[in-house]
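A closer look at the structure
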Amino acid sequence: MCWSATADLVAGTGIAAVGVVSVALAARRPRDLPLAALPLLLGAHQIIEAEVWRNDGGTGPATLAWAVVALPLLALWVPAAVLCAAPPSARRRLLLPLAVGVATAAALASALATRTVTAEIRGHTVGYSVGLPRAELIVVGYLLATIGSLLLSGDRGLVLFGVLVTVGAAVSFALWRQEYISTWCAFAAVCSVVLALWAGRRRPPAPRPPGHVSPG
């Protein structure tokens, strides 16, 4: 997130609260829960970055935790969650972004296990450096797994979220190329409030009490 530790903390807390609401709305549709929980995860992610700010960057546990969520966890979580929530007609085509997500997450997890993640405060943004091998290929795989799964989901709400995240990726890359990962994750976290609306729209009606007779 841009600006400061306080901005990350406030934004993260608010987004996590939206995530709690989103999970509650999805409680009657277990297949929707992983995706409905995404704002909760992204909110917690911003709160972790607030700790990175307080530590003035560096290579500490907060930096590593931030990278674990941003890189391998989201690369796997998003396509798997979309596959769970997608209509049956879309599930076969979603196997591709899921497979790419598994491979990308494995590569990212291996990189994090063998390399040091460094965070650097750069004005009002945070830059992260991992030194990924074949970084361009991994970025393509990451985008296909996350954005690709949303756009292929067959659900208008998820496609909208995918479009918003795509716009955020383009803007972040254009304006903050060196801080791309941090700013894009922040943008995605803010956009994830759309998922609370999505979860509310998909919520099944409450069961009718026994003996209830519909009017007419």
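No experiment lies behind these values; they were computed from the predicted model shown.

**Re the packing of aromatic side chains**
All chains considered together, the criterion is met by 1 aromatic pair. Residues Trp66 and Tyr128 carry aromatic rings whose centres are separated by 3.8 Å and whose planes lie at 0° to one another, so their mutual orientation is stacked. Highlighted residues: Trp66 in helix α4 (residues 61-85) and Tyr128 in strand β2 (residues 125-129), separated in sequence by 62 residues. You can call Tyr128 buried: its relative accessible area is 11%.

**Some points on the pairing of β2**
For β2, the buried fraction is high: 4 of the 5 residues fall into the buried class. In this sheet, β2 lies alongside strand β1 (residues 118-122) in antiparallel orientation, the contact comprising 5 bridges. Note on β2: the bridge partner recorded for Thr118 is Ser129. Linking two consecutive strands that pair antiparallel, namely β1 and β2, is a turn of 2 residues; a positive phi of about 65° is found at Gly123 within it.

**So, the nonpolar core**
Core analysis: the largest hydrophobic core is formed by 51 residues, its most contacted members being Leu35, Leu38, Leu71, Leu74, Phe161, Leu195 and Trp198. Here this core takes 13 residues from α4, the largest share from any one element. If sequence neighbours within four positions are ignored, Leu71 has contacts with Leu108, Leu112, Val130, Tyr142 and Ile181.

**Some points on helix α7 (residues 135-151)**
Side chains of residues three or four places apart in an α-helix project in the same direction, reflecting 3.6 residues per turn. With 17 residues, α7 extends 23 Å from end C-alpha to end C-alpha; this agrees with the ideal 24 Å at 1.5 Å per step. Every buried residue belonging to α7 is among Ile138, Gly141, Tyr142, Ala145, Thr146, Ile147, Gly148, Ser149 and Leu150, and all of these are buried.

**Examining the side chain of Asp32**
Among the structural elements, Asp32 can be located in the loop between α1 (5-25) and α2 (33-36). Accessibility expressed as a relative area gives 2% for Asp32, which makes it buried. Here the side chain of Asp32 touches Arg29 through a polar contact of 2.8 Å, side chain to side chain. Ignoring anything within four residues of it in the chain, the contact list for Asp32 reads Ala26, Ala85, Trp198 and Arg202.

**Observations concerning the pattern of salt bridges**
By the definition in use, this model includes 6 salt bridges. Notably, a salt bridge pairs Arg29 with Asp32, separated by 2.8 Å at the nearest N-O pair. Given a relative accessible area of 33%, Arg29 falls into the partly exposed group. When the shortest N-O distance is used, the salt bridge between Glu51 and Arg54 registers 3.5 Å. Of this pair, Glu51 and Arg54 both sit in helix α3 (residues 38-54), separated by 3 residues, roughly a single helical turn. The structure contains a network of salt bridges with shared partners spanning Arg29, Asp32, Asp155, Arg201 and Arg202.

**Considering unusual backbone geometry**
Backbone geometry at Asp56 places phi at a positive 60°, although glycine is not the residue there. A positive phi is found at Arg134, a non-glycine position, where the angle reads about 50°. Looking at the secondary structure, you find Arg134 in the loop between β2 and α7.

**As for the environment of Leu95**
Mapped onto the secondary structure, Leu95 falls in helix α6 (residues 95-114). Taking the C-alpha atoms as reference, Leu95 lies 8.9 Å from Ser149; in sequence the two are 54 residues apart.

**Considerations on the environment of Pro133**
Locating Pro133 in the fold gives a position in the loop between β2 and α7. The partly exposed category is assigned to Pro133, whose relative accessible area is 41%. Taking C-alpha positions, Pro133 is 9.0 Å from Ala107, a pair spaced 26 residues apart along the chain. Setting aside chain neighbours within four positions, we find Pro133 in contact with Arg115 and Ile138.

Rules used in this analysis
- Here the residue numbering is sequential within each chain, running from 1 through the sequence in written order.
- Reporting of local features is limited, given that this is a predicted model, to residues whose pLDDT is at least 70; pairs of side-chain atoms are given and counted only at 80 or more, and all residues count toward the totals for whole chains, interfaces and linings.
- Only hydrogens and water are removed before side-chain values are computed, so all heavy atoms of the structure are retained for them.
- Ring geometry is summarised as follows: Phe, Tyr and Trp rings, the Trp one being its six-membered ring, pair when their centres sit within 6.5 Å, and such pairs are stacked at plane angles under 30 degrees, edge-to-face over 60 and tilted between the two.
- Helix numbers and strand numbers start at the N terminus; a helix is a DSSP run of H or I with at least 4 residues, a strand a run of E with at least 2.
- To sort residues, take the accessible area from a 1.4 Å probe on protein chains only and compare it with the maximum for the residue type: under 20% means buried, over 50% means exposed, and anything in between is partly exposed.
- Strand pairing is defined by DSSP finding a minimum of two bridges between the two strands.
- Here, the term nonpolar core denotes a set of buried Ala, Val, Leu, Ile, Met, Phe, Trp, Tyr and Cys residues that are joined through side-chain atoms within 4.5 Å.
- We call two residues in contact whenever any of their non-hydrogen atoms come within 4.5 Å of each other.
- To estimate how far a helix should extend, the number of its residues minus one is multiplied by 1.5 Å.
- Whenever a nitrogen or oxygen atom comes within 3.5 Å of another N or O atom, the pair is scored as a polar contact, on the condition that within protein one atom can donate a hydrogen and the other can accept it, and that pairs from neighbouring residues in sequence are kept only if both atoms are in side chains.
- The salt bridge criterion pairs a side-chain nitrogen of Lys or Arg with a carboxyl oxygen of Asp or Glu, the two atoms within 4 Å.

So yeah, pure geometry; function would need other evidence.
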